[in-house]
Amino acid sequence: MRILALGDTLEEITQQELEPGKSAAFIAKQAEAVSAMELAGMVFEGEVNLKNVEFCKMETQQECLAGSLCIPRFSDLIGSRYKILFFINRSNIVIIDDDGFAERLIMRIRSRRTRQGQTREHFLYNFITQFISKDIEILGQYEKKIMELEEMVINGKVETLQSQIMPIRRELLILRSYYDEMMDMGKELEEDENHFFAKKQLKYFGTITDRADRLMGKTVHLLEYAQQVKDAHQAQIDAQQTKNMQFLTVISTIFFPLTLITGWYGMNFENMPELKNGYPFVISLSLVVVAVCIILFKKKKIF
C-alpha cells in the first residue's frame, strides 16, 4: 500500500502516478483536504473541520466511512488532544492531520514493523494500534502511583492524599471514556456495513476492539483501586474523628457531675449542709466522682 504525504508536494502528485488497482493512503493537512479527497476519489457529505473533532467515532456514509480520532496527550491528559480525521472508500484512505502526529506514527511503523500494511485493513490496524501501543505501560505507571498512595495511607501520612488522588481519578476517567470510544470504533470497522473490506481481513479490527477492551478493563480496575485507597483514607479520617469525639465525650462526662456539684454549692443557701466548712468536703467529693468515672471507663474499655 502506497503512502502519499501531500503538503508541499501536492502539485507533483497526479492521478496518473497512482498505481491502478492498488490502494493508497493520503496524508494531508486540512488546507489540502479537498485536493487529497479528489485524488483518492473520495465523496464525503459533510464539512472537513478538525476543530469539530471531540470524540473517537465512526460514521458510515453511502460512499465512504468517515472517522475521527481525538487522542489524549499523556503529558497533559486534561489539556488539548491530537485531532485527526480519516476517510475510507473501496480503494483508498485519506488522513487529515494538522499536527504531524499521523506522519510520526507512520514513521514509527516503518522503523519498527516488517509488515507495514500491504492492505487498507492492515494499514489501519498498524496505524491505530501504534498510538495505543504504550498505553498499557502508562496505566502501569498509574498503578504504581496508586500503590505509593496506598502505602502513605497505611503509614498514616494522609495529609496530602486527597490532593494527589483526585487528579489521578480524573485522568483515569478521561482514559476510560477514550478506550470506550476506541472499542466502539473497532466494532464499527468490524461490522463493515458498506462491505469495503475483505472478510478475511476483518480480524484486524477485532484485535483493535480486544485491545481497547483490555485497556478499558485495566482503567476500570485502577479506578476501583483508587476508590479503595480513597475509602481507606476516609476511614482513617473517620476513625480519628471518632477518637476525638470519644475523648471529648469522656471529658464532658467527667466534668458534668463536677459542674453540678460546684453549681449546687455555689448557691450559698442558709441551711445548706457543709456550708461553713465545706471546702474540703467538696474537693473530696469531686475527687471521688472523677475516680469513679475513670474506673467505669476502664471497665468498659473506653480508653
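Computed from a predicted model, the values in this text were never measured in an experiment.

(A) Fine view of the packing of aromatic side chains. Taken as a whole and assessed by the stated rule, the structure comprises 7 aromatic pairs. Measuring from centroid to centroid gives 4.0 Å for Tyr82 and Phe101, while their planes differ by 5 degrees, and the two rings are stacked. On the criterion of sequence distance, the pair formed by Tyr82 in strand β5 (residues 81–88) and Phe101 in helix α2 (residues 101–112) is long-range, its members being 19 residues apart. Across the pair, Phe101 and Tyr82 agree in class, each one buried. Each residue in the set Phe123, Phe127 and Phe131 is aromatic and connected to the rest through ring pairs, giving one cluster.

(B) Geometry of a nonpolar patch on the surface. Together, Met245, Phe247, Leu248, Ile251 and Phe255 give the surface a local cluster of nonpolar side chains, amounting to about 520 Å² of exposed area. Considering the arrangement of structural elements, one finds Phe247 in helix α6 (residues 203–265).

(C) Examining the confidence of the model for the chain more closely. For the chain, mean pLDDT is 83; residues scoring 70 or higher make up 85% of the total. The low-confidence segment residues 8–16, where pLDDT is below 50, has 11 contacts with residues more than four positions distant or belonging to other chains.

(D) Up close: the pattern of salt bridges. Tallying each qualifying case throughout the model produces 3 salt bridges. Here Arg73 ties to Asp99 by a salt bridge, and the two come within 3.9 Å at their closest N and O atoms. Here the residue Arg73 occupies a position in the loop between β4 (65–72) and β5, and Asp99 occupies one in the loop between β6 (93–97) and α2, the gap between them amounting to 26 residues. Since its relative accessible area comes to 23%, Arg73 is described here as partly exposed. Since its relative accessible area comes to 36%, Asp99 is described here as partly exposed. In this structure, Lys218 and Glu143 form a salt bridge, with 3.0 Å as the shortest nitrogen-oxygen distance. Taken together, the positions of Lys218 in helix α6 and Glu143 in helix α4 (residues 135–154) put the pair 75 residues apart, joining distant regions of the chain. Among the residues examined, Lys218 registers a relative accessible area of 22% and is labelled partly exposed.

Cut-off values and rules
- Residues numbered from 1 in each chain as written.
- Predicted model: local features only at pLDDT ≥ 70, side-chain atom pairs only at ≥ 80, totals over all residues.
- Heavy atoms only, no water.
- Phe/Tyr/Trp six-rings, centres within 6.5 Å; stacked < 30°, edge-to-face > 60°.
- Helix = DSSP H or I, 4+ residues; strand = E, 2+ residues; numbered from the N terminus.
- Buried < 20%, exposed > 50% of the residue type's maximum accessible area, 1.4 Å probe, protein only.
- Patch = residues over 30% accessible without salt bridge, like charges linked within 9 Å, V, L, I, M, F, W, Y side chains within 5 Å.
- Areas by Shrake-Rupley, 256 points an atom, 1.4 Å probe, with all protein chains shown as cover.
- Salt bridge = Lys/Arg side-chain N within 4 Å of Asp/Glu carboxyl O.
- pLDDT = per-residue confidence, 0-100.
- Contact = heavy atoms within 4.5 Å.

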